[in-house]
There are 2 protein chains.
Amino acid sequence: MRSPVELVDAFRTQGLKVTPQRQLLFRLLHDNTQHPTADALFAQASAQMPGISLRTVYQTLSDLTAMGELQQVSFDTGPAHFDPNVADHHHAVCDVCGAIIDVYVDGADQLAIDGLDGFRPASASIVFHGSCAACAGT
Amino acid sequence: MRSPVELVDAFRTQGLKVTPQRQLLFRLLHDNTQHPTADALFAQASAQMPGISLRTVYQTLSDLTAMGELQQVSFDTGPAHFDPNVADHHHAVCDVCGAIIDVYVDGADQLAIDGLDGFRPASASIVFHGSCAACAGT
DNA sequence: TGTCAGTTCGCAACCGATGCGAATAAGGTG
DNA sequence: CACCTTATTCGCATCGGTTGCGAACTGACA
Ligand SMILES: [Mn+2]
Ligand SMILES: [Mn+2]
Ligand SMILES: [Zn+2]
Ligand SMILES: [Zn+2]
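In this text, all values refer to a predicted model and were calculated from it rather than measured experimentally.

Caption draft 1: Highlighting the relation of the copies chain B and chain A. Take chain B, turn it by 180°, move it 0.0 Å along the axis, and it overlays chain A with an RMSD of 0.1 Å. Look at the turn and shift together and you get a two-fold axis relating the two. Relative to the rotation axis, the C-alpha of Ile126(B) is the closest in chain B, positioned 2.3 Å from it.

Caption draft 2: The protein's contact with DNA strand D, seen in detail. In the vicinity of DNA strand D lie 18 residues, with Lys17(A), Thr19(A), Arg22(A), Arg12(B) and Tyr58(B) positioned nearest. Counting only the atoms of DNA strand D that lie within 4 Å of the protein, the sugar and phosphate share comes to 72%. In the environment of DNA strand D, a sugar or linking oxygen lies 3.1 Å from a nitrogen or oxygen atom belonging to the side chain of Gln21(A). Note that a phosphate oxygen of DNA strand D is positioned 2.4 Å from one of the side-chain N or O atoms of Arg22(A). Partitioning the surface near DNA strand D into residue classes produces six nonpolar, six polar and six charged.

Caption draft 3: Representation of the protein's contact with DNA strand C in the model. Close to DNA strand C lie 19 residues, the nearest being Lys17(A), Tyr58(A), Ala80(A), Thr19(B) and Arg22(B). Sugar and phosphate atoms represent 70% of those atoms of DNA strand C found within 4 Å of the protein. For DNA strand C, a phosphate oxygen lies 2.9 Å from a polar atom in the side chain of Arg12(A). Separating a phosphate oxygen of DNA strand C from a backbone N or O atom of Ala80(A) is a distance of 2.7 Å. Taken together, the elements giving at least two residues each to the surface near DNA strand C come down to α4 (54-66) of chain A together with α2 (20-29) and α4 (54-66) of chain B. Across the surface near DNA strand C, the residue classes break down as seven nonpolar, six polar and six charged.

Cut-offs and rules
Residues numbered from 1 in each chain as written. Chains lettered and ligands numbered in written order. Predicted model: local features only at pLDDT ≥ 70, side-chain atom pairs only at ≥ 80, totals over all residues. Heavy atoms only, no water. Least-squares fit on C-alpha atoms with pLDDT ≥ 70 in both. Near = heavy atom within 4 Å. Polar contact = N/O pair within 3.5 Å; in protein donor to acceptor, adjacent residues only side chain to side chain. Nonpolar A, V, L, I, M, F, W, Y, C, P; charged D, E, K, R; others polar. Helix = DSSP H or I, 4+ residues; strand = E, 2+ residues; numbered from the N terminus.

These figures come from the coordinates and say nothing about function on their own.
So this is what it looks like as structure tokens:
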């Protein structure tokens, strides 16, 4: 995701308005590696801007996703997580604390595959489960 | 998942009862490679047993999952899919028709990984997106 | 056949997310 | 600066998928 100041320009040139709510979310998301949910962002936003609506958070998140500034990732059946890292990468989920960590996998595209007769893969997503450094102890 | 006759025994020895509803679902799931949703199974079941409840389908699916006879898999944000194949395998999802195909990936456990400092992976799941043989044309 | 724990099934509730629309505010224009 | 137009905010209703609850029912064993 681009920086807040760049996003201000990007929004204006698209005929979109730059509101305080949006600017706050730009700031909360920029360089954020936590993969927050809409609810988590709403909680953080509410602390700085009481009265902001969860609806507005959802709205802005889907605007940013549509503009390619965010990636939406989902695990299992829980709520969606939002990822300002739109580079090609994968994730490791800590089953203890729920942390989500960016992972870069070499050779993900040339995985030796068996069983897909004629299936043409366009993309692959890999999710590791396990325990993160903090939860694993050591 | 074991065969319907084996499941009858397994259920009885666990103090669980063998009802017509459960037996129907045993049959619908055995050797099923379609990865059906609860709703899809409910539709099939209703055709053979009008009046069966969606609630009962959910109930039986979660019983079977708890017994290790089924695996629950979810993609994106849609409904859960149920998989009688409990072997270690992965999936390919056709973005055109929605088909879900079993995939066996060699060397999935020794993927060259970068970025996870201290994360201890216990399992990995890989999901390919693309188009299936039928939808790809060729 | 009787007993009783396990099961079915309808309904309410739940969660995450989206549709709708009135009130509001951004931001360009005169 | 005042005004106008259009986008946005935000509360509320609604949605799809799933689970909780509990009264009525039924399988299984004695
Ligand atoms: Mn990420
Ligand atoms: Mn499968
Ligand atoms: Zn952890
Ligand atoms: Zn297809």
